[in-house]
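# An overview of the molecular structure
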Amino acid sequence: MTAGLPVVIDLVLEVDLLSDTGPAVKADALFYLTKEAFKRRLIDDLWRARAATSPKSLAQVLLSDVVSDAIRKELRRQTNHNADVSEIHRILRGEVLRPETLL
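Residues numbered from 1 in each chain as written. Predicted model: local features only at pLDDT ≥ 70, side-chain atom pairs only at ≥ 80, totals over all residues. Heavy atoms only, no water.

### Description of the confidence of the model for the protein
Our working definition: Per-residue confidence from the predictor is reported as pLDDT, a score between 0 and 100. Helix and strand assignments follow DSSP, with helices taken as H or I runs no shorter than four residues and strands as E runs no shorter than two, numbered in order from the N terminus.
Residues with a pLDDT of 70 or more make up 95% of the protein, whose mean pLDDT is 89. When the elements of the protein are averaged for pLDDT, helix α3 (residues 42-52) gives the smallest value, 90, and helix α5 (residues 65-79) the largest, 95.

Here's what the structure looks like:
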């Protein structure tokens, strides 16, 4: 959960006990719910890692000025077309990225 109003709930850990994966994999995933893991705040580390690589975070990075400029330069190098950064943003938002990641 993310503090503040409204409360946002992000899925950080999911374990399918009925899946075909081995018991060691399931036990490793469930370790985050143990008393020892909570004492060492390992669930916080896991949450930060998942938040950093979430679709929304990755979409923000892709739409950043630095990445857009790098895309523009690479497009120019590969195609000799000098695309405008606003055109790249429009295409990324409208055709490449999923709308739910842009919220």
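### Remarks on helix α6 (residues 85-96)
This is how the line gets drawn: Residue exposure (1.4 Å probe, protein chains only): buried if accessible area is under 20% of the type maximum, exposed if over 50%, otherwise partly exposed. The arc in question is the one traced by the directions running from the helix axis out to the C-beta atoms. Contacts are assigned to residue pairs that have any heavy atoms within 4.5 Å of one another.
Listed as buried for α6 are I88, H89 and L92. One face of α6 carries all of its buried residues, which in axial projection span an arc of 100 degrees. In α6, the exposed positions that point more than 90 degrees away from the buried face belong to R90, G94 and E95. If you follow the buried residues of α6, they end up packed against α4 (55-62) and α5.

### Examining the packing of α5 against α6
Where we set the bar: Helix axes are fitted to C-alpha atoms over the stretch in contact, other axes to C-alpha atoms as well, and angles between N-to-C directions run from 0 to 180 degrees. If an angle is under 35 degrees, it is roughly parallel; if it is over 145, roughly antiparallel; if it lies from 65 to 115, roughly perpendicular; otherwise it is oblique.
Interaxial distance between α5 and α6 falls to 9 Å at its minimum, and their mutual angle equals 105 degrees. Judged by the angle between their axes, α5 and α6 are roughly perpendicular. Residues D65, S68, I71, R72 and L75 of α5 touch α6, and the partners they reach there are V85, I88, H89 and L92.

### Here's the deal with unusual backbone geometry
Its identity is not glycine, yet R41 carries a phi of approximately 55 degrees, on the positive side. Residue position: R41 is located in the loop between α2 (35-39) and α3. Look at R41 and you get exposed, because its relative accessible area is 54%. Residue N80 is not a glycine yet carries a positive backbone phi of 65 degrees. With respect to the helices and strands, the residue N80 is situated in the loop between α5 and α6.

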